[in-house]
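So you can see what is in the structure, the chains are spelled out below.
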Amino acid sequence: MTDVAVLKQEKQQLIEKMLMMQKQFIDHEHEHGISGKDYWASKDGLLANFRHEYNDMANRVVDLAHQIVGSSR
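Please read all numbers here as calculations on a predicted model, not as lab measurements.

Definitions and limits used
- Residues numbered from 1 in each chain as written.
- Predicted model: local features only at pLDDT ≥ 70, side-chain atom pairs only at ≥ 80, totals over all residues.
- Heavy atoms only, no water.
- Helix = DSSP H or I, 4+ residues; strand = E, 2+ residues; numbered from the N terminus.
- Buried < 20%, exposed > 50% of the residue type's maximum accessible area, 1.4 Å probe, protein only.
- Phe/Tyr/Trp six-rings, centres within 6.5 Å; stacked < 30°, edge-to-face > 60°.
- Lys NZ or Arg CZ within 6 Å of the ring centre and 35° of its normal.
- Core = buried A, V, L, I, M, F, W, Y, C linked by side-chain atoms within 4.5 Å.
- Contact = heavy atoms within 4.5 Å.

## Comments concerning the environment of Asn49
Working step 1: Looking at the element boundaries, Asn49 is found in the loop between helix H2 (36-41) and helix H3 (50-69).
Working step 2: When its relative accessible area of 53% is taken as the criterion, Asn49 is described as exposed.

Take a look at the structure:
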């Protein structure tokens, strides 16, 4: 597998995980509601590290996309 293929595979896996997280978030919101405090400061459950983890993955996807095409941020 080429380096680009490996990068594309990692990017795809991250995108799939992000989509799964979005679905879990929406399902949780529909079932329980989410307050601003829960979203920004929750220390347990689904939302405990949600924003941080999702943001890290989104940034990695952007970095991978740049690596794949040979550009930079």
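## Brief notes about the packing of aromatic side chains
Working step 1: On inspection of all chains with the given rule, the structure shows four aromatic pairs.
Working step 2: Here the aromatic rings of Tyr39 and Trp40 are separated by 5.1 Å at their centres, their planes lie at 85°, and the arrangement is edge-to-face.
Working step 3: Note on Trp40: relative accessible area 58%, which makes it exposed.
Working step 4: For Arg51, the ring lying beneath its charged end belongs to Tyr39, and the centroid distance is 5.7 Å.

## Comments concerning the environment of Gln67
Working step 1: Position of Gln67 among the secondary structure elements: in helix H3.
Working step 2: Expressed as a C-alpha distance, the spacing of Gln67 and Val4, which sit 63 residues apart in the sequence, is 8.1 Å.

## What to know about the nonpolar core
Working step 1: Residues Leu7, Leu14, Met18, Met21, Phe25, Leu47, Phe50, Met57, Val61, Leu64 and Ile68 constitute the largest nonpolar core, which totals 11 residues.
Working step 2: Elements with a minimum of two residues in this core: helix H1 (3-32) and H3.
Working step 3: Apart from the residues within four sequence positions on either side, Met57 is in contact with Leu14, Lys17, Met18 and Met21.

By themselves, these figures tell us nothing about what the structure is for.
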